[in-house]
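Understanding the architecture of this molecule
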Amino acid sequence: MGQGTWLMGEHPTNRNDEIAALRLGLDLGLTLIDTAEMYGDGGAEELVAEAIAARRAEVFLVSKVLPESATLRDTVEACSRSLRRLKTDHLDLYLLHWRGRVPLAETLEAFQLLKRAGKILDYGVSNFDLDDMEEAFALPFGDEVVTDQVLYNLMHRGIEWDLLPWCRKRGIPIMAYSPIEHSEAGQKGMLGNPQLTSVATRHGATPAQIALAWLLHQRVVVIPKAGKPQHVRENRAALDITLRREDLVTLDRAFPPPDGKVPLEMK
Ligand SMILES: NC(=O)c1ccc[n+]([C@@H]2O[C@H](COP(=O)([O-])OP(=O)(O)OC[C@H]3O[C@@H](n4cnc5c(N)ncnc54)[C@H](OP(=O)(O)O)[C@@H]3O)[C@@H](O)[C@H]2O)c1
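As the structure is a computational prediction, the values presented were derived from the model and not from experiment.

**Concerning the side chain of aspartate 148**
Among the secondary structure elements, aspartate 148 is positioned in strand β6 (residues 145–151). Engagement of the side chain of aspartate 148 in a polar contact is seen with the backbone nitrogen of phenylalanine 128, the distance being 3.3 Å. If we skip the residues at most four places from it in the chain, aspartate 148 touches Val125, Ser126, Asn127, Phe128, Met133, Leu163, Ile172, Pro173, Ile174 and Met175.

**Regarding the packing of aromatic side chains**
The tally for this structure, following the rule as stated, stands at five aromatic pairs. Centroid distance phenylalanine 137 to tryptophan 166: 5.3 Å. Interplanar angle 85°. Geometry classified as edge-to-face. You can see phenylalanine 137 sitting in helix α5 (residues 130–137) and its partner tryptophan 166 sitting in helix α6 (residues 163–169), a full 29 residues away along the chain. Its relative accessible area of 11% is what places tryptophan 166 among the buried residues. Put simply, the rings of Tyr94, Phe111 and Tyr123 touch in pairs and so form one group of aromatic residues.

**Focus on the environment of glutamine 3**
Here glutamine 3 shows up in strand β1 (residues 3–4). Take glutamine 3: its relative accessible area is 4%, and that puts it in the buried class. Distance from glutamine 3 to valine 232, taken between C-alpha atoms, is 8.7 Å for residues 229 residues apart in sequence. Residues contacting glutamine 3, with those up to four places away along its chain left out, are Ala21, Leu22, Gly25, Leu26, Leu30, Leu32, Ile33, Asp34, Ile223 and Pro224. Polar contacts involving the side chain of glutamine 3 include one to the main-chain carbonyl oxygen of leucine 22, which spans 3.2 Å.

**Considerations on the pattern of salt bridges**
Per the stated rule, a full pass over the model turns up 21 salt bridges. Across the pair glutamate 160 and arginine 157 runs a salt bridge whose closest N-O atoms are separated by 2.8 Å. Each member of the salt-bridge network shares a partner with another, and the members are Asp27, Arg55 and Glu58.

**Focus on the site of the ligand**
Taken together, 27 residues lie near the ligand, and Asp34, Ile180, Lys225, Lys228 and His231 sit nearest. Tryptophan 6 places a main-chain nitrogen or oxygen 2.9 Å from an oxygen atom of the ligand. At a separation of 2.6 Å, an oxygen atom of the ligand approaches a polar side-chain atom of aspartate 34. Relative to its unbound accessible surface of 900 Å², the ligand loses 91% to contact with the protein. Tallying contributions element by element places helix α10 (residues 229–237) first for the shell around the ligand, with three residues. A breakdown of the residues in the shell around the ligand according to their chemical character gives nine nonpolar, 12 polar and six charged.

What counts, and where the lines are drawn
- Residues numbered from 1 in each chain as written.
- Predicted model: local features only at pLDDT ≥ 70, side-chain atom pairs only at ≥ 80, totals over all residues.
- Heavy atoms only, no water.
- Helix = DSSP H or I, 4+ residues; strand = E, 2+ residues; numbered from the N terminus.
- Polar contact = N/O pair within 3.5 Å; in protein donor to acceptor, adjacent residues only side chain to side chain.
- Contact = heavy atoms within 4.5 Å.
- Phe/Tyr/Trp six-rings, centres within 6.5 Å; stacked < 30°, edge-to-face > 60°.
- Buried < 20%, exposed > 50% of the residue type's maximum accessible area, 1.4 Å probe, protein only.
- Salt bridge = Lys/Arg side-chain N within 4 Å of Asp/Glu carboxyl O.
- Near = heavy atom within 4 Å.
- Areas by Shrake-Rupley, 256 points an atom, 1.4 Å probe, with all protein chains shown as cover.
- Nonpolar A, V, L, I, M, F, W, Y, C, P; charged D, E, K, R; others polar.

As structure tokens, then:
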């Protein structure tokens, strides 16, 4: 389990709380921090820099390049800008945020250049469906893609049909974003579900914790975003929940797995 940062660094009034939340997460062992040049137009990366100041070595730092910056030259420049904002000399992982018009081969070449220069230790992709992954892996340097970060939670299980098994077979970890369904409207549908609530009650947990524990049970990386310390503590505690067979059956009934191909969804 790591920590997401989308919508952080956007409102000065939330800044201190957000920094405190990220630091608390580090204290609790949630040392993967996921950010992107897009978030707050670089503001999230600057906030992360402040949160991890003097603690860089503890952190597994992930950032992302926007598809419009994903040419050979612009990717290298975008990475330099991210490193400057993050006040570090390297990223642990650099992702292409989603596919755009730039040929994938060019972005992979840029990632390879950055990797050889030590500016990134690894690279990966985000919002890639199975056909995109197959295309990437057929290209030079494509087989060095180490992850695909995608929308995955109880309400969005489409990847279980094909993408998740494909990645598992190759030992490529999936990073599940929006694990607790991000928006208030989405959360009402998911966290308000009576069956999810009944599983939560059985464990003396909250529905959000069960949603996270379910994802962890699927053996994926989860990156909840929490700007409130109470949420950070709750999320960390989800790591200690072990779901039983009866819980999984209840959750499958409430949130059925796919019975056919579902095109990858995106937030
Ligand atoms: N690659 C991509 O295209 C992509 C797309 C979306 C997201 N992401 C990444 O994934 C991260 C997580 O996704 P997300 O931010 O979309 O959604 P999320 O983590 O599913 O949901 C965040 C929302 O849930 C609330 N929350 C956190 N912990 C909670 C808890 N224990 N109980 C109840 N509510 C809780 C947060 O509130 P507070 O902030 O008030 O605590 C916030 O409003 C992002 O921050 C970003 O790093 C990547």
